Structures are given as C-alpha cells and as structure tokens.
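# Analysis of the macromolecular model
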Amino acid sequence: MRNAMTSQSFRLEWLSRPAFRLAKKAMPGLSSTESEAIEAGDVWWDGDLFTGNPDWNKLLAVPPACLSPEEEAFLAGPVETLCGMLDDWRITWTDRDLPQEAWDYLKANKFFGMIIPKTFGGLGFSAYAHSEVVRKISTRSVAAAVTTMVPNSLGPGELLLQFGTREQQDYWLPRLADGREIPCFGLTSPEAGSDAASMTDTGIVCRGRHEGHEVLGIRLNWRKRYITLGPVATVLGLAFKLYDPERLLGGEEDIGITVALVRTNTPGVEIGRRHIPCFQMFQNGPNAGKDVFIPLDDVIGGRERVGQGWRMLMSALAAGRGISLPSLSAAGTAFAAHTSGAYARVREQFHIPTGKFEGVQEKLAAIAGSAYLLDGARRLTCAGLDQGHHPAVISGIMKLHATERMRAAVNDAMDIHAGKAVIDGPLNYIGNFYRAIPVGITVEGANILTRCLIIFGQGAIRSHPYILKELLALSDEDQERGLIEFDKVFWSHVGHTVKTLFRAWGRNWTGGWLAPAPDAGAASRFYRQLGRYAAGFALAADFAFLTMGGTLKRRELISARFGDILSELYLLSAVLKRWQDEGRQKDDLPLLRYCMARGFQTIENRFAEIFSNLPNRPTAWFLKFIIQPLGAYALGPSDELVAQCAAILVEPSATRERLTQGIYHGSGDEGLARLERAFTLVTQAQPIHERLKKADQSDRLAALLNGTITDEEVRLLEETEKAVSTVIEVDDFAAADLLPERKLASTGDTRETNALSPSYDVISDSILTFR
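### Structural notes on the overall build of the protein
Tallying secondary structure elements over the protein gives 31 helices and 9 strands in all. Over its C-alpha atoms the protein spans a radius of gyration of 29 Å, differing by no more than 12% from the 28 Å that the globule rule assigns to 771 residues. Projected onto its principal axes, the C-alpha coordinates of the protein cover approximately 105 × 75 × 50 Å. Expressed as a percentage of its 771 residues, the buried residues of the protein come to 57%. Restricting to contacts in the protein with at least 6 residues of sequence separation, those with at least 24 account for 76%. As displayed, the protein has an accessible area near 32,700 Å², and 53% of this comes from carbon and sulfur atoms. Across the protein, the 83 positively charged side chains and the 92 negatively charged ones have centroids separated by 5 Å.

### A word on the pairing of strand β3 (residues 213–228)
The sheet contact formed by strand β2 (residues 202–210) and β3 spans 9 bridges and is antiparallel. Residue pairing for β3: Arg209 is matched across the bridge by Glu214. What sits between the antiparallel neighbours β2 and β3 is a turn of 2 residues, in which Glu211 has the positive phi angle 55 degrees. Pairing of β3 with strand β7 (residues 284–295) involves 9 bridges; the strand directions are antiparallel. Residue pairing across strands places Ile227 opposite Gly285, the latter belonging to β7.

### Some details on the packing of aromatic side chains
Scanning the model with the defined rule gives 29 aromatic pairs in all. Taking the centre distance of 6.4 Å and the plane angle of 55 degrees together, the rings of Trp505 and Phe625 count as tilted. In this pair, Trp505 is assigned in helix α21 (residues 479–509) and Phe625 in helix α25 (residues 617–627), connecting sequence segments 120 residues apart. Note on Trp505: relative accessible area 33%, which makes it partly exposed. Looking at Phe625, the relative accessible area reads 41%, which means it is partly exposed. By the ring-pair criterion, three or more aromatic residues cluster together here, those being Phe50, Phe456, Phe537, Phe545 and Phe562.

### Some thoughts on the pattern of salt bridges
Tallied over the full model, the rule gives 38 salt bridges. As a salt-bridge pair, Arg606 and Glu609 come within 3.5 Å of each other at their nearest N and O atoms. Taken as a pair, Arg606 and Glu609 lie in helix α24 (residues 589–613) at a separation of 3 residues, close to a single helical turn. Sharing partners across several salt bridges, the network here consists of Glu132, Arg135, Asp375, Arg378, Arg379, Arg578 and Glu582.

### Considering the confidence of the model for the protein
Confidence in the prediction for the protein averages 91 pLDDT; 93% of positions are at 70 or higher. Residue range residues 742–771 is modelled with pLDDT below 50. Its contacts to residues more than four positions away, or to other chains, number 42 contacts.

### Focus on helix α12 (residues 309–320)
Turn by turn, an α-helix covers 3.6 residues, leaving residues three or four places apart pointing in a common direction. When the terminal C-alpha atoms of α12 are compared, their 16 Å separation across 12 residues agrees well with the 16 Å that a helix rising 1.5 Å per residue should span. Burial analysis of α12 places 11 of its 12 residues in the buried class, which makes it a mostly covered element.

### Observations concerning the packing of helix α10 (residues 156–163) against helix α11 (residues 166–177)
For the pair α10 and α11, interaxial distance at closest approach is 10 Å and the crossing angle is 150 degrees. With respect to their mutual orientation, α10 and α11 come out roughly antiparallel. Our pair here, α10 against α11, has a crossing hand that is left-handed. For the pair α10 and α11, the contacting residues are Pro156, Gly157, Leu160 and Leu161 in the first and Gln168, Gln169, Trp172, Leu173 and Leu176 in the second. For the contact of α10 with α11, the class distribution of residues is 6 nonpolar, 3 polar and no charged.

### Regarding a nonpolar patch on the surface
Together, Val498, Phe502, Trp505, Trp509 and Phe625 line one region of the surface with nonpolar side chains, adding up to about 520 Å² of accessible area. Looking at the nonpolar patch element by element, the count peaks at 4 residues for α21.

### A few points about the environment of Leu641
Along the chain, Leu641 turns up in helix α26 (residues 639–650). Considering only alpha carbons, one finds Leu641 and Arg593, 48 residues apart in sequence, at a separation of 8.0 Å. When near neighbours in sequence (up to four residues on either side) are disregarded, Leu641 contacts Pro590, Arg593 and Tyr594.

### Focus on the side chain of Arg532
Here Arg532 lies in helix α22 (residues 524–548). The exposure class assigned to Arg532 is buried, which follows from its relative accessible area of 3%. Leave out the neighbours within four places in its chain, and Arg532 touches Arg507, Asn508, Gly511, Gly512, Ala515, Glu604 and Tyr633.

### Side note on α22
Over its 25 residues, α22 extends 36 Å from the first C-alpha to the last, a length consistent with the 36 Å expected when each residue adds 1.5 Å. With 21 of 25 residues buried, α22 lies mostly within the body of the structure. Looking at the residues trailing α22, positive phi occurs at Gly549, about 55 degrees.

### A short note on the environment of Gln684
Summarising the element assignment, Gln684 is placed in helix α28 (residues 671–694). In this structure Gln684 comes out as partly exposed when scored by relative accessible area, which is 45%. Residues Gln684 and Pro652, 32 residues apart in the sequence, show an inter-C-alpha distance of 10.0 Å.

### So, the side chain of Arg507
Mapping Arg507 onto the fold places it in helix α21. No salt bridge is formed by the buried Arg507; the nearest opposite charge belongs to Asp55, separated by 10 Å. With sequence-adjacent residues up to four places away left out, Arg507 is seen in contact with Gly52, Asn53, Gly512, Leu514, Ala515, Pro516, Gly531, Arg532 and Ala535.

### Digging into the layout of surface pockets
Of the voids in this model, the second largest pocket is the one considered here, and its volume is about 770 Å³. In terms of lining residues, the second largest pocket is bounded by 30 residues, among which Arg345, Glu348, Pro353, Gln686 and His689 are the most central. Residue assignment for the lining of the second largest pocket shows that the elements contributing at least two residues are α13 (324–346), α26, α28 and α30 (711–728). Looking at the lining of the second largest pocket element by element, the count peaks at 7 residues for α28. Looking at the lining of the second largest pocket residue by residue, the class counts come to 12 nonpolar, 8 polar and 10 charged.

### Thoughts on unusual backbone geometry
What is expected of a backbone is that most residues other than glycine have negative phi and most peptide bonds are trans. Located in the positive-phi region is Lys110, a residue other than glycine, with phi close to 60 degrees. Structurally, Lys110 can be placed in the loop between α7 (100–108) and α8 (127–138). Lys110 sits in the partly exposed class, given a relative accessible area of 27%. Unusually for a residue other than glycine, Ala418 sits at a positive phi of about 55 degrees. Of the residues examined, Ala418 reaches a relative accessible area of 40% and is grouped as partly exposed.

### Remarks on the packing of helix α14 (residues 358–386) against helix α23 (residues 556–581)
At their nearest, the axes of α14 and α23 sit 8 Å apart, and the two run at 90 degrees to each other. Put simply, α14 runs roughly perpendicular to α23. Every residue of α23 that contacts α14 at Ala371, Tyr372, Leu373, Asp375, Gly376, Ala377, Arg379, Leu380 and Thr381 is listed here: Tyr570, Leu571, Leu572, Ala574, Val575, Lys577, Arg578 and Trp579. When the residues that make up the contact of α14 with α23 are grouped by side-chain class, the tally is 11 nonpolar, 2 polar and 4 charged.

What counts and what doesn't
- Every residue gets a number counted from 1 within its own chain, in the order that chain's sequence is written.
- With the structure being a predicted model, the display of local features is reserved for residues of pLDDT at least 70 and the display and counting of side-chain atom pairs for 80 or more, all residues being used for whole-chain, interface and lining totals.
- With hydrogens and water set aside, each side-chain value is computed from the structure's full complement of heavy atoms.
- Elements are defined by DSSP. Helices are runs of H or I of four residues or more, strands are runs of E of two residues or more, and each kind is numbered from the N terminus.
- Taken over C-alpha atoms, the radius of gyration is set against a globule rule of 2.2 Å times the number of residues to the power 0.38.
- Think of it in three bands: with a 1.4 Å probe and only protein chains considered, a residue is buried below 20% of the maximum accessible area for its type, exposed above 50%, and partly exposed in between.
- Two residues qualify as a contact provided that any one of their heavy atoms is within 4.5 Å of a heavy atom in the partner residue.
- The method behind every accessible area is Shrake-Rupley, applied with a 1.4 Å probe, and residues are considered shielded solely by the protein chains displayed.
- The positive count covers Lys and Arg only, the negative count covers Asp and Glu only, and His and the chain ends enter neither.
- Where a charge lies is defined by one atom per residue type: Lys uses NZ, Arg uses CZ, Asp uses CG and Glu uses CD.
- In this scheme, strands are said to pair when DSSP sees at least two bridges between them.
- Paired rings are identified among Phe, Tyr and Trp, the last through its six-membered ring, by centres lying within 6.5 Å, and are further divided according to the angle between planes into stacked (under 30 degrees), edge-to-face (over 60) and tilted (the rest).
- Whenever a carboxyl oxygen of Asp or Glu lies within 4 Å of a side-chain nitrogen of Lys or Arg, that contact is scored as a salt bridge.
- The score called pLDDT rates the predictor's confidence residue by residue, from a low of 0 to a high of 100.
- An expected span of 1.5 Å times one less than the residue number is assigned to each helix.
- Angles run from 0 to 180 degrees between N-to-C directions of axes, and those axes are lines fitted to C-alpha atoms, restricted for helices to the stretch in contact.
- The labels follow the angle: roughly parallel below 35 degrees, roughly antiparallel above 145, roughly perpendicular from 65 to 115, and oblique for the rest.
- The handedness criterion is simple: a crossing whose near helix is rotated anticlockwise from the far helix by less than a right angle is left-handed, and one whose near helix is rotated clockwise is right-handed.
- Residues are grouped as follows: Ala, Val, Leu, Ile, Met, Phe, Trp, Tyr, Cys and Pro are nonpolar; Asp, Glu, Lys and Arg are charged; all remaining types, including Gly, are polar.
- Patch rule: a residue counts if its relative accessible area is over 30% and it has no salt bridge; like charges are joined within 9 Å, and nonpolar side chains (Val, Leu, Ile, Met, Phe, Trp, Tyr) within 5 Å.
- Here a cavity denotes grid points, spaced 1 Å and computed from the protein atoms alone, that fit a 1.4 Å probe unable to get out, and a pocket denotes an open set having protein on both sides within 12 Å along at least 5 of 7 lines; residues with an atom within 4 Å of a point are the lining.
- Grid points are joined across faces, edges and corners, and a volume is the space filled by probe spheres set on the points.

Now the structure itself:
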C-alpha cells in the first residue's frame, strides 16, 4: 500500500505536474459560447466512434425507428390531403404564399404542434413521425415543408418545452399547437450571422408599464433578418444581450445572451416585410424593435433563466437540427432518385434509353447511393432522438452532409433531365428543389462553418472519452484539485492512446481482418473496415491534439478533414444499420456496397490529406506508417457496381420502392403524374419491343398481321408513345403573359405595380435565358 502511494505521489509530482503546466499553455481555451455549445446535448454513437473501438452490438440493438398507428394514419390522411392542396408553381409565381386553405388546414390539424405533448393540446409525435411528415410534404412543396418544420424545430415551442415555466407552458403551448399563435425565432442579425455571439441586439433591465401596472422588465432594441415565419408571426422568440446597469436583478451588469417571448403587436415592434430566399415562397423576412418593453416574466424560463440563452439555443438546436433539414434533404434526394430513374428510362437518344449510357449511369448510381445512405442516417438519428438522446455532434453531421448530398443529387438530377429541368413551368418537377438548395446549405449553421469548426472542433471535445474531462481539470480555479483530477484522467488517456496505437496498427496492417464484426452475413467485412478506420481516426486525433494543442483549433482544414472522417463513420454505420433492420435484403446489396466504396474512398483520401498537412512531419510520417502503409488505395465503386445501382432506378422493383417510399406521387395531368404514368407504360411495353426486335419486325402492321403482336399490344405501344411524348414536353409562355404588372406612363397603362411581382428581368432570368 505504501509503495503504491509513493509511486502515485512520484507520478503526480514528477510526471503529471509538468504535463499539467504544459497542457495549460498548449490546450485551447474555450469561450463562454463554446463552453455552452459543448455542454448542450449529449453524446451517443459518436462517443463510441471516438473511442476507436465501436461496439457494433450496441448499434444493432438500437430499436429501429417506427411509426405508431396514429402517426401512420396522420401521414395517410391529413398529410396526403395537405399535399393535394399544394401547387408549387402557383405558390412560387402567382400567390407567392401557401393558399389560405392550406394555412387553415395546417392550423386545424395541428401540424404546428407535432412536438408538443398531448397534455398541452399537441400531437405528441415521435421524432421519426415528425421527420416523415416533413419528408413527404417536401416532395410536394419546399415552401410548405419549411412552413411546417420551423414551429417544430428551433423556436418558441421547443424552448418552452425544455426551459419554460409551467405558467408559460400552460398558456403558450396549447395556442401554438392549434395555430392560434404563429411563432418565429429571431437570432440572426446583420452584424451576427454564424457568429451569433457578436449580436448587437440589446435588452436593458428597467421598470416600465405593462397592462396598466409598473413592473420590472426589459427594454429591447433589435434588428433581425432571415426570420422564417416572421412576416406572419404573432409571437417572436427573441435572442438578445441583456444588461442590468442599475443592478435591479442584484447580479452582474453584463448578464449575457437571453431569450424572451415578444408579442408582435407590442408597441415598437416592426414586422411584416418579406425576404425572397432563392424564390422559395415560405414566409421569411426582417423584423426590428425600438424601445419595446416586456415584463421580466416573458423571459423563457423566467428570471432564473436570464443569461442562459445561448445554452438554451444550443440544446434546442441539438434536436431540431437533426430532424428538419435532414428530412427535407432525404426527401429531395429520394425524389431525385424517383424522377431521374424514371426519366432516364422513358427518354431515349440514339434509340437507346438515356439510362443505358454509362455517363448517365454514373449520375444515377450516385443519386441512388445517396438516397439509400441519407434515409438510413435519418432513421438512425430519429431512433436516437426517440430514445431520449440529444446528440449535438450527430445533429451537426446530419445537417451538413444531408444538405450537401442533396445538393449533389439534385445537381445530378438536373444533368440527367437536361433541358427538361432547365425550362421552368408547371411541368418542371425538379427545378424548385434546385433553387432551394442554397437555403438548406446556409441556414441552421452555414455548412462551411459546420464542417471546419463544429463537427470535429467541438465534437473532439464533446465526444472524446477524455478531452473534455482534461479541459475541465485544467480550467479548475483550484489548481491543486485540478491537478489531482488531471492526473487521473491524463494517465487513463495515455493508456487509451497506447491501446489505440496497437489496435490501429494491427487492424490497418491486416486490412481490417483483426477488427471485430457481428455476424452480419455479406456485410460483416464492412464492419471490420469501419472498425479499422475508427481506430486510425482515434489514433490520428490523439496525436494531432498532442502535437498541435490549441493550434489545431485554428487549422480549420485539418479539423474539417477529421470531421469528414467522423461523419463518414457515422453515416456508414447508419447504412449498415439500415441494411440489418430491413432484413438484409439481397437485392439492396449493391446499394450497400456502393455506399461503402464511396465512403471508404473519402476516408482514405482525408487521411492522406491530413498526413500531408500535419505541421509536425515526424508525427505525420509515423501515423502514415501505422494507418496507411500502402497509401490511399480505396478506389471507389467499380463500373460494374455503378451499372448495378443505376439499374435499380430505371426498372420497377421492390428495391426501388424501398428507396423512394414515402414521397408524394403526382396526380391529374401534372408533370410528375405524366412521368410516373409513362414509366409504368414503358416498362409494360418493354417485352413487346423485345419480341418485335427478336422477330426483326419494325413494321407494326406486318407484326400484327402475322400474329407477332396483338391488337391490345398495338394499343399499348401507341399509348406508351403518347405518354412519353407528354413527359418530354416543356412549358412555354405567350410573351404578353410574362409582362410585369406595372404603371407605364408612356403607354397610359394604369395597372398598379404589385410590390412582390417579379420584374420581367427576373422572370426572364429564370425561364427564358436558356433559349
């Protein structure tokens, strides 16, 4: 016992104390906003990945996301009915808003109260049901989807649920659930975009009159922009910096970021004007307030929550960011798969379906792979949320990579459709998704920032098994207490790194065969490869911390590459989980293999880029020796695999249905309905064409006379040709229909100008310039 104590004292004084001093100088300091962001949410599967030795049985034991009978009925009933009310072309170019019947229907059926519990009059839906609703509406109208998602994401509802007083919840939540109140949330200002902490919006604690009485409250001055639902909101959730110069609350003068509810009819509030975000006609606009007085009771959470606004926002964002935009992105990607595959099947060039050309197949395969991956990741993330987790790092991964992959998929869909997608009009079913891409890329944390600073920069601290504990020990004001805690954590970290070193060495030098894997049939080898990459990631991250310290925070591209590897590990884990949960469908195996090939290629390239750019060259050479002794040799999907994945989209099959399930299908004579009808007819007519080709019969009359085909088959061929002809049609307009409504003094035209009417130049840019 005495020897053990002596040994421990020696380690503390002669090893840990010098390491403690060095670490205090080298490790990055955390700003208050960074600390609050890191403390928000929790750690889930990302924590397993950061250990370098993920427990695959833990992943496979996560219950699959599923819908209750009530949630299924809502999707089949109200959601389907709502979609039928929407005409995206009319919303965008004529009404510039959802139709009033849709607004009324959204309120009456509590679409704005999906996350609000039934005890407060809401629907009380699961995260997965919330996601499915947003996903389906997104395939009909992006504007309607955004309108639905915002009240159920970052905003007053989520903040009240997590932090509101009971009185605030009892009053506001039922009114938000049934649409009596329309909420918005004001965070972004002209001076503060991604750096929200630099906002200049202020609140001063003071006394003022409210409802005829003098009360303690806050006098607000602010200017916000990009606020979704702002122009029609009745209640504004407002983030501002709170100051108490007279110390009326008894504490510091600079209290910090605070969040309050402001009724938009309060004197001094300026709201109602609109932005037009990439011609997406959801309600979005600026708002401002001058000397707006609110009682202190309107701070969300009451007096006890003043100064806690940033932590509250980050906690709310940890959930909402993992649902809304990933659901819209998964919808856009599945919709691109559904339409691009069908169009490549019915559209012929040189008497060959365009889906037979290898260049088109490359695009189709990429869309199919992304659709399979994103929906798997969406389901896994929702499953975690429904278990009660609020994984902030995973939410960041989902927001970034879902929107980026939707961008790639929709771009590929545009390439496949070519002129069909370029010409705008009611028949163009893909163009509005294309215009909407920048919105998803920019909001809820710009993707550049999220990739370079958030996923690994904060994830390394939040999800690493030891880093956060070490930072807390280093920042302890009681240095001796901090040293003792640091001693415990630091040597555990050292032991972990040594184990990770040998684990990474063994797994990488054997091509992953020493990595553990569950009995997962054809997918077992992919678990081994992910285990290999996870060990390499954990080792490289530890050595980067060791050799770069606080400078790693400022080397954004190195941080971004580590974040890319972590993201791929999560996304590919979700793909494996999906394949397992769906019963290891053999016909889906090409999609699984495609996702793995693309992901492994990205991971190996990012490792190579990290090793090429680490400033400590001996460390880089050592890591390359351990992790990539043969270099980056993952080449991505083979041409054969590309052709297999593309074929899934251009022929009817159960795999195609699984890949595109849950989207809204066209009706009547609109563009999507024409495409789906033509796709069905073309595939039905294919055996007849093959029979004619085999019989060397190009003359249908002769083929009919000699019995090669029947009268019914002739009619099917003619119907198919007409259906295909309607699909490849594009819209055109009479020149007079494109003239703006404006007052033209020179011609005596006295029509009034509509302030929101696009000018002729705007219309011509979006419709006519490609002629």
